Amino acid sequence: MSSEWSRQIALEVALAAERNRRDAAVSEPLRKPRPNPVQTPAEPKSVIVPSEKTVAVRAEDVTAKDLFEAELEAQGVELTHLPEPTPGETEKETAPDADPENRPVLMEMRNITLRFGGVTAIRDISFDIRQGEIRAIIGPNGAGKSSMLNVINGFYHPQEGEIWFKGSKRGPMRPHQIAQQGIARTFQNIALFKGMSTLDNIMTGRFTHMKQGIFSQAVWAGAAEREENENREIVEKIIDFLEIQHIRKKPVGSLPYGLQKRVELGRALAAEPGLLLLDEPMAGMNIEEKEDMSRFILDVNDEFGTTIALIEHDMGVVMDISDRVVVLDYGRKIGDGTPDEVRVNEDVIDAYLGVAHE
Ligand SMILES: Nc1ncnc2c1ncn2[C@@H]1O[C@H](COP(=O)(O)OP(=O)(O)O)[C@@H](O)[C@H]1O
Ligand SMILES: [Mg+2]
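Let us look at helix α10 (residues 287–304). With 18 residues, α10 should cover 26 Å at 1.5 Å per step; its first-to-last C-alpha distance of 25 Å lies within 8% of that length. Met 293, Ser 294, Ile 297 and Val 300 are the residues of α10 that are buried. Each buried residue of α10 lies within a common arc of 125 degrees when the element is viewed along its axis, so the set occupies one face. Every exposed residue of α10 that faces more than 90 degrees away from the buried side is listed here: Ile 287, Glu 288, Arg 295 and Glu 303. Where the residues of α10 are buried, they touch α9 (257–270), β9 (275–279), β10 (307–311) and α11 (315–321). Directly after α10, the chain includes Gly 305, whose backbone phi takes a positive value near 70 degrees.

The structure is reproduced here in structure tokens:
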């Protein structure tokens, strides 16, 4: 008997025992016929609780789910089984509080200092990025903004300070770990393959998700082909989402600047990131292109629940689309808060107007 098989049987026995224990515990009159019996645990189910908040319950977590349902039934709560939500809907239903201060922290920078030889690019900076927010990083040239994005995604190791990501302290990472942490970025200067088509450029964003290496592609073409098809499907969805169907076969080098920036956003989205870092996504764009890009950034945040940290110079854009803003100047943090708070911060006003404050 294989160990996998015996593990399966042990699991079945444990589940049956748990069911018996629970059935005995729930008083007889309150028990109702179960609309979707536990014998088919493959289907993830949702339960409407009295607060009308939808709670998604994992199918593999059968015991916890059963106990939860049994408890609700015991309280006389009518259970409604919903169809499995699409990934986008799940994000929305469990979407954090609209007030950014009440959202859970996704990433926390604690007293970060980063030096390049004699240059201190970042000095003792602390701030956090909360789940589902659009967090802007602003400041004059040379303030340390791009360096900060490189610290966030793990490409630069600060000499001092701590980075907490998803509740744990993050150590220095190897390149493959950086790729796998679910953080994608675009660059201040467009970094696309100019001779390749829009489609192929966005496809390169899927690399971190590709499991089938060259060897398995040779010995088992089926799996590689299936994976290729899946990747293509996701890439096509992104192309639709960003409304760039008409340029999907065009070499990106031939495209206007604004569209190249959109393709770069597409490539970052192809990695299906939880945290998206955008380094001046609107630099060099005209007003119309900026409006388009702002809308896409808001849509990504809204539809996929993606947390976004963005560097942007256009104050109008920053104030319009971000939930919170952190302001850097000469490697120091001089402001942090909602757009309205930052707008009236005197240090920030001085940094931007170049006025020495007394
Ligand atoms: N790789 C690097 N090597 C040396 N100095 C750097 C490097 N990257 C940035 N710097 C320096 O760090 C400071 C902050 O740069 P940067 O993070 O690019 O600022 P920003 O993006 O706000 O304009 C600047 O003085 C810059 O010259
Ligand atoms: Mg920069």
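The next subject is the sheet that holds strand β6 (residues 160–165). Here 4 strands make up an open sheet; going across it, the order is β4-β3-β6-β7 and the pairing antiparallel. Both edges of this open sheet fall to β4 (119–130) and β7 (168–169), since each of them pairs with a single strand only. Where β6 and β7 come together, 2 bridges link them in antiparallel fashion. Bridging from a neighbouring strand, Trp 164 pairs with Lys 169 of β7.

Let us look at the nonpolar core. The biggest cluster of nonpolar side chains holds 59 residues, and the ones touching the most others in it are Ile 137, Ile 152, Leu 276, Leu 277, Ile 308 and Ala 309. When near neighbours in sequence (up to four residues on either side) are disregarded, Ile 152 contacts Met 107, Ile 183, Leu 277 and Ala 309.

Conventions adopted
- Residues numbered from 1 in each chain as written.
- Chains lettered and ligands numbered in written order.
- Predicted model: local features only at pLDDT ≥ 70, side-chain atom pairs only at ≥ 80, totals over all residues.
- Helix = DSSP H or I, 4+ residues; strand = E, 2+ residues; numbered from the N terminus.
- Expected span 1.5 Å × (residues − 1).
- Buried ≥ 20, exposed ≤ 12 C-beta atoms within 10 Å, placed from the backbone.
- Arc of directions from axis to C-beta.
- Contact = placed C-beta atoms within 7 Å.
- Pairing = 2+ DSSP bridges.
- Core = buried A, V, L, I, M, F, W, Y, C linked by C-beta atoms within 7 Å.

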